[in-house]
Amino acid sequence: MSSDELCPALLECFGIILCGYIAGRANIITSTQAKGLGNFVSKFALPALLFKNMVLLDLSNVIWPFLWSILIAKVCVYFVVCVLTLIVASPDNRFNKAGIYSIFATQSNDFAMGCPIVEALYKRTNPQYLQYIYLVAPVTLIFLNPLGFAFCEIQKWRNQDNYQQCKILIVGCIILQVLKNPVVFMVIIGLIAHLVLQHNIPAFMTKFVGCLADSFGGTALFYLGLSMVGQLGKLTRSTFVTVVLLLTAKLLLMPLICKNMVDLLDHSNTSALNHSSLSNYAFLYGVLPSAPSVAIYAAYYNVDIEIVTSGMVICTFLSAPIMYVSAWLLSIRRLDAQRVMVSLQSVTFHMSILSLILLVWTFTVILLSKKVKRLPHLLTVNLFLAQFITCIGMILWSYVVEGNGLVGQVLTFTLLCTSLYSTYVWPAIIALSLVLMKKYGDLKVSPGVLVIAGWGVPTLVTAVLLICGEEVSDMIDSSFIYGKPQIICTSVVAALSILLGGGSLMYLSRGSRTQTDHTREGNSVVAVVTEVEQEIQTNFDPINSSGEHNGGKPLLEIY
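Just so you know, the residues in each chain are numbered from 1, in the order the chain's sequence is written. For a predicted model such as this one, the threshold for reporting local features is a pLDDT of at least 70, and the threshold for listing and counting side-chain atom pairs is 80 or more; totals across whole chains, interfaces and linings nevertheless cover every residue. With hydrogens and water excluded, all non-hydrogen atoms of the structure serve as input to the side-chain values.

A. Structural view of the overall build of the protein chain. In this description a helix means any DSSP run of H or I spanning at least four residues, a strand means any run of E spanning at least two, and both kinds are numbered starting from the N terminus. Across its full length, the protein chain carries 20 helices and 2 strands. Here the analysis covers contacts within the protein chain between residues at least 6 apart in sequence; of these, 81% occur between residues at least 24 apart. Contact between two residues is taken to exist if any of their heavy atoms lie within 4.5 Å; hydrogens are not considered.

Here's what the structure looks like:
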């Protein structure tokens, strides 16, 4: 997989999606017409595509370790998202969110997006890769999605009084949701036909099924663009953090686990080239955006529809640059290592100069605003200072790395490494300080303690690395100059910072949403009380001195 091969495939897919979006935004195709197009895609074109490919499926060419690797990766991501949601979400709807969020992070848009991209990339070199799409998607829908439906049904059961009846209906609702999915139903029919028809579609059905199946690709992409119209407007400040975390799980965590699982479990390939190709394919599959059907599930169970729909749109458009950059990064191993290092060093040097200019401007704005001594601006200034020192360290490193001065290299590396680790730590500290200030109204700890932690932890890690690590010869990249110990230290610091910062932001998002719900409930109560008071005043006007009521009529005439 190379960026030159991927670019036309991405242009083909996202160009059609953009056409659909423009048609919907300009009202060239109305919502009613779009609904009809969606019905055609889901009830005619997709079942025909599945039936055709399941009948023609050649199981003898399937590399089963690759299939298990993808499934294990999906289970891991599903488990992580589910557990974190159950821990952080509000008890009122934690099971609903756990089910829908887990499906969002694991169900890819396999057919509308995956099939055209995989076919364009591997049609000439590895055409058998396309059949994995038809094997992975049904297994996901049959095993993982029902778990999400079960969580949603459990939440409905907990919110109702008739527990016994709901217990009986939970299993039935889950089975119905699974069987109603045309993908699952047609895969079962296709597998039966695969055995009965002996891998061949009858001649009288070939053109009919083929024509319907061929109509799926462009139509599905066009409808995907139509379905995105107006969805981003539903994104609010309180839901933004949740969307970012879901996108991180889908677009970053999923492809990395898929690739690593294939590297770990696929020992059947004796050729290093085939193994590398499968590993890259697993990464590409993991980057595929979430399926639009997740929004249907969210609407059915009334669970954070604005988060799921906005996340689906952003995920779709973010997947294109991530795929392209990933293809370029994965092709680096075919290039000369020294040339790549020199190119990266040049890029970091010029980016550091640009960052310095922007940071000077940022410092000027903060100083003029006179908010430096306030919280959390005091902590934010430390983050900017760490970034400033990191840029200076990168510029100095490009000069001392080629020299023979050992002292200069050690001092520059110490400055660079400490400030770089500090840029990882400070976002988590800032998020934690916001949580403490929101919960207690005050920081509860001295700001100096947080400043010491923000600079002390990176300094300690850098000192341990300098004492215990061994410098790798002929290495000019400061990120890998101490080899595996440096990679481990960087990964641990970054992971802990992500966990602390992400958990704090999710707590803030949850608190903001709870406060918003309470405000809405309070406003609705006030509105109801006001309405009742007006009604009472209308029906029971004060009685005048003549004993009349309601516009001068005697009181007895009303009753």
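Structure's up, so let's keep going.
B. Here's a closer look at a nonpolar patch on the surface. Residues qualify for a patch when their relative accessible area is over 30% and they have no salt bridge, like charges being joined within 9 Å and the nonpolar side chains of Val, Leu, Ile, Met, Phe, Trp and Tyr within 5 Å. Residue-level accessible areas treat just the shown protein chains as cover; the underlying method is Shrake-Rupley with a 1.4 Å probe. Every case where a carboxyl oxygen of Asp or Glu lies within 4 Å of a side-chain nitrogen of Lys or Arg is listed as a salt bridge. Taken together, the side chains of Phe 185, Ile 188, Ile 189, Ile 192, Leu 195, Val 196 and Leu 197 present a nonpolar region at the surface, about 650 Å² in accessible area. Within the element layout of this structure, Ile 189 appears in helix α8 (residues 182–196). Here Ile 189 falls in the partly exposed class, since its relative accessible area comes to 33%. The rule is simple: take the accessible area with a 1.4 Å probe, protein chains only, and divide by the maximum for that residue type; under 20% is buried, over 50% is exposed, in between is partly exposed.

C. Representation of helix α2 (residues 31–55). The span one expects for a helix is its residue count, reduced by one, times 1.5 Å. If you check α2, its first and last C-alpha atoms are 35 Å apart, about what 25 residues at 1.5 Å a residue would give, namely 36 Å. To obtain the bend at a residue, axes are fitted to the seven residues ending there and to the seven starting there, and the angle between these axes is taken. Maximal helix bending in α2 amounts to about 35°, located at Val 41.

D. Inspection of helix α9 (residues 203–214) at higher detail. Over its 12 residues, α9 extends 17 Å from the first C-alpha to the last, a length consistent with the 16 Å expected when each residue adds 1.5 Å. Among the residues of α9, those classed as buried are Val 209, Gly 210, Leu 212 and Ala 213. Seen from one end, α9 has its buried residues packed into an arc of 165°, which puts them on one side. Within α9, the exposed residues directed more than 90 degrees away from the buried face are Phe 204, Lys 207, Phe 208, Cys 211 and Asp 214. By definition, the arc is the one covered by directions from the helix axis to the C-beta atoms.

E. Representation of unusual backbone geometry in the model. Positive phi outside glycine occurs at Asn 302, with the angle close to 55°. Along the chain, Asn 302 turns up in the loop between α13 (293–301) and α14 (305–330). We note that Asp 304 has phi near 40°; this positive angle belongs to a residue other than glycine. Along the chain, Asp 304 falls in the loop between α13 and α14.

F. Broad picture of the state of the cysteines. Throughout, disulfides are identified as pairs of cysteine sulfur atoms within 2.5 Å of each other. Throughout the structure, instances matching the rule amount to 0 disulfides. With no disulfide of its own, Cys 258 has Cys 76 as its nearest cysteine by sulfur position, at a separation of 9.5 Å. Of the residues examined, Cys 258 reaches a relative accessible area of 0% and is grouped as buried.

G. Just the nonpolar core, in detail. For this analysis, a nonpolar core means a set of buried residues of the types Ala, Val, Leu, Ile, Met, Phe, Trp, Tyr and Cys, connected via side-chain atoms within 4.5 Å. Counting residues in hydrophobic clusters, the biggest one holds 92 residues, and the most contacted among them are Phe 66, Ile 100, Phe 111, Ile 117 and Phe 216. Excluding its chain neighbours within four sequence positions, the residues that come into contact with Phe 66 are Tyr 132, Val 262, Leu 278, Tyr 281 and Ala 282. In this structure, Leu 383, Met 394, Trp 397 and Ile 429 belong to the second largest nonpolar core, which totals 21 residues.

H. Looking closely at the environment of Glu 470. Looking at the element boundaries, Glu 470 is found in the loop between α18 (447–468) and α19 (483–539). Look at Glu 470 and you get exposed, because its relative accessible area is 66%. Between the alpha carbons of Glu 470 and Ile 481 there is a distance of 8.5 Å; along the sequence they are 11 residues apart. Non-local contacts of Glu 470, meaning those with residues more than four positions away in its chain, are made with Ile 481 and Tyr 482.

I. Structural view of the packing of aromatic side chains. Here is the rule: rings of Phe, Tyr and Trp (six-membered ring for Trp) pair when centre to centre is within 6.5 Å. Planes less than 30 degrees apart are stacked, more than 60 are edge-to-face, and the remainder are tilted. Within this structure, the stated rule accounts for 19 aromatic pairs. Ring centres of Phe 66 and Tyr 281 lie 5.4 Å apart, and the angle between their planes is 10°; this geometry places the pair in the stacked category. One end of the pair, Phe 66, is in helix α3 (residues 64–88); the other, Tyr 281, is in helix α12 (residues 272–287), with 215 residues separating them in the sequence. As far as burial versus exposure is concerned, Phe 66 and Tyr 281 are alike and both buried. Measuring from ring centre to ring centre gives 4.8 Å for Tyr 129 and Tyr 281, while their planes differ by 10°; the resulting arrangement is stacked. In this pair, Tyr 129 is assigned in the loop between α5 (110–122) and α6 (130–158) and Tyr 281 in helix α12, connecting sequence segments 152 residues apart. Residue Tyr 129 is classed as buried on the basis of its relative accessible area of 3%. Linked through ring pairs, Phe 66, Tyr 122, Tyr 129, Tyr 132 and Tyr 281 together constitute an aromatic cluster.

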